[in-house]
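Examining the three-dimensional arrangement
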Amino acid sequence: MNNIEEQIKHLTEEINQHNYNYYMLDNPTISDYDFDQLLNQLIQLEKQYPEYALPDSPTQRVGGSVTKQFRTVKHVFPMLSLGNTYSEEDLLDFDRRIHELVNGQVEYVCELKYDGLAISLVYENGLLIRAVTRGDGVQGDDVTANVKTIGTIPLRLKGDYPDLIEVRGEIIMNHQNFERLNREREEIGEAPFANPRNAASGTLKLQDSAEVARRGLDFKLYFVVGHQHYAATHFDSLNKLHDWGFRQPDVMEKRTDINGVIDFMHEWDVKRKSLPFDTDGIVIKVNDFDMQQQIGSTAKSPRWAIAYKFKAERVPSKLLSVDFQVGRTGIVTPVANLTPVPLGGTVVKRASLHNKDIIEAYDIHENDVLYVEKGGEIIPKIVGVDVSQRELDAPKVKFITRCPECGAELVQNEGESGTFCPNELHCPPQIKGKLEHFISRKAMNIDSLGEGKVEVLFDNGLVRTPADFYQLSYDQLLGLEKRIPASEGKAERVVSFREKTVENILNGIQKSKEVGFERVLFAIGIRYVGETTAKKLARYFKNVDALANATAEELMQVDDVGERVAGSIVDYFLQPENLEMVIALRNAGVQFELSAAETQLASDKLAGKSIVVSGVFSVPRDEIKRLIEQNGGKNVSSISKNTDFVLAGEKMGPEKRNKAQKLEIPIISEEEFYKMI
Ligand code: IVH
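A few points on the structure. (Residues numbered from 1 in each chain as written. Predicted model: local features only at pLDDT ≥ 70, side-chain atom pairs only at ≥ 80, totals over all residues. Heavy atoms only, no water.)

1. So, the site of the ligand
In the vicinity of the ligand, the contacting residues are Ser81, Leu82, Glu111, Leu112, Lys113, Tyr114, Ala118, Glu170, Tyr222, Val283, Lys285 and Pro302. Within the backbone of leucine 82, one N or O atom sits 3.1 Å away from an oxygen atom of the ligand. The separation between an oxygen atom of the ligand and a polar side-chain atom of tyrosine 222 is 3.2 Å. Protein chains bury 90% of the 530 Å² of accessible surface belonging to the ligand in isolation. Within the residue set of the shell around the ligand, elements represented by two or more residues are strand S3 (108-114) and strand S10 (279-286). Taken together, the residues of the shell around the ligand sort by class into seven nonpolar, one polar and four charged. (Near = heavy atom within 4 Å. Polar contact = N/O pair within 3.5 Å; in protein donor to acceptor, adjacent residues only side chain to side chain. Areas by Shrake-Rupley, 256 points an atom, 1.4 Å probe, with all protein chains shown as cover. Helix = DSSP H or I, 4+ residues; strand = E, 2+ residues; numbered from the N terminus. Nonpolar A, V, L, I, M, F, W, Y, C, P; charged D, E, K, R; others polar.)

2. Re the sheet that holds strand S7 (residues 164-172)
Strand order in the open sheet formed by four strands is S5-S4-S7-S8, and the pairing between neighbours is antiparallel. Whereas interior strands pair on both sides, the edge strands pair on one side only; in this sheet they are strand S5 (127-133) and strand S8 (218-225). The sheet shows a mean angle of 30° between the axes of neighbouring strands, direction not considered. Judged from the seven bridges that link them, S7 and S8 form a sheet pairing that is antiparallel. Its bridge partner lying in S8, valine 167 is registered against valine 224. Where helix H6 (residues 196-204) meets the sheet, it contacts strand S4 (117-124), S5 and S7, and its direction lies at approximately 40° from that of S4. Relative to S8, helix H8 (residues 234-243) is tilted by about 125°, and along the sheet it contacts S7 and S8. (Pairing = 2+ DSSP bridges. Axes fitted to C-alpha atoms, helices over the stretch in contact; angles between N-to-C directions. Contact = heavy atoms within 4.5 Å.)

Here's what the structure looks like:
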């Protein structure tokens, strides 16, 4: 083993140990900063010496590879589902059936039922080699690259693990990450996910594993396939997995009879409300493997296990009125005002009616009695109407046709359930939304303007577009007042902008002129252009003129840019107000092109070349793309007659290969590519 190889091995082991301490033991022994330093060191080394990268390298945790189409894989053992029960009586029946099939005492294991999606993980010689979704139970999608980004899933087992093992569990998204993701989506005008399960499922099927890593999924272990060899009971098998590097289930308790199970159920029906993730029930399993075998399974589900589903708490409440709220991106949300009712520990007075289609589907009339439910979820929702209590002449609740804030006619796009106000440039909540987005941390990061100060500037008529920030003067700001409404027994307060505040604001604005083009492009608020897309656009077009002049087809050459995003960019630059704003910002000194350092090329060996990257490489795919750009080339997403060559890794899709051959476009290997540059 040479020096470099040794160094890579050492770094891999060290970082994996830190990951273990952090994810499995909740006990980090290194600062985030030092950790990032180590990881970057390894990323750089692996980039230079891909031949020494190890299969359990922690660099896979940050993602980077792109899967265009997931491979379908047949499960070695089918992935069964569980029978559902809803009452104590059902649980007693389950226990009776079990005792008809086996003699003597039966020990049960009680667990939480995680509300996410099932995954099968296969480890060969201790290495995670495959992660497959449940699919139809017989075959599912190979989502290995995405699953490798999940910190609580070991990439390599430790201890005396068997040569081949299949582990199953649930992929979930916790409440914190779910809410962050939805906030980000709303900020760029994307529809939020309805619940954490949908968010987890949508995330696991993303093509870009770096985005999966960013969103933060989690894994909950619950089952081992083909376990008989190394444990006698389910409980012990999960403990074994703990020895081999998995996290122990949050809750797993043995009960000696069904009454103990029922106690567990009551206990967790209350405690689940304070868990940081969704559970929709508990799962009860016969602990002893021999007994499980004796009891057997049907084609669909095991007879030795059952799920008890918690009753979602649901209460009737009378509809008082409907408000229509206009969000920062113009989406109009109907909100029901209800007679206050206690539900799941809080008093509910309002609940979202989501959108126009839902109001119509439930056929809601004025003064209706609605059912409000709080399941595992955080936000109460309307789940039905008590039609028997409807007043005879009650008119239907009508969705408004004009924006309550600015009067513009509302729009509903074909095939979308959301209704929105199209008057982005003149509708007050949308103007404020754009201003707040502009100064936010990931955009221009002008934190001295936070905490409602933007609103004060807006209300005083000082800013209408982000460009106005750069024209503000000391005298205009000094002495402005901010009202903080009375709350929780405290009287209304008035805070005025003093010298120090004003100086900080002006300094913050001044400093934002140093923010790079990538973030400026995110900050100016083009619908559907999030952080990552902005970065890719900035690197591809290099300056705003090239971007503003690009056609939809040209825009779609950029990775991740489809018809919808391209259309939105073209529309944006067609609006004279937007062009004026960009020009005003540029005149004020805001960056609208990549800096010399950012565009500096390692070489111009690929100058003018359009390159399609496809397949799996020895380094993350984004790394390959960066090398192309650094050497003057352009990454394009699909093969056309204008493509200069296709850079093919392993497992390049046959469709791409055929297309390249048909158009007589050269196909180049990773090795040949390194030689070229
Ligand atoms: S055991 C042989 N345990 O519920 C059955 N499943 O309808 C193995 N689930 O597809 C499943 N929490 O996705 C088991 N603690 C738990 C679970 C659990 C959630 C999911 C799983 C399964 C579905 C059953």
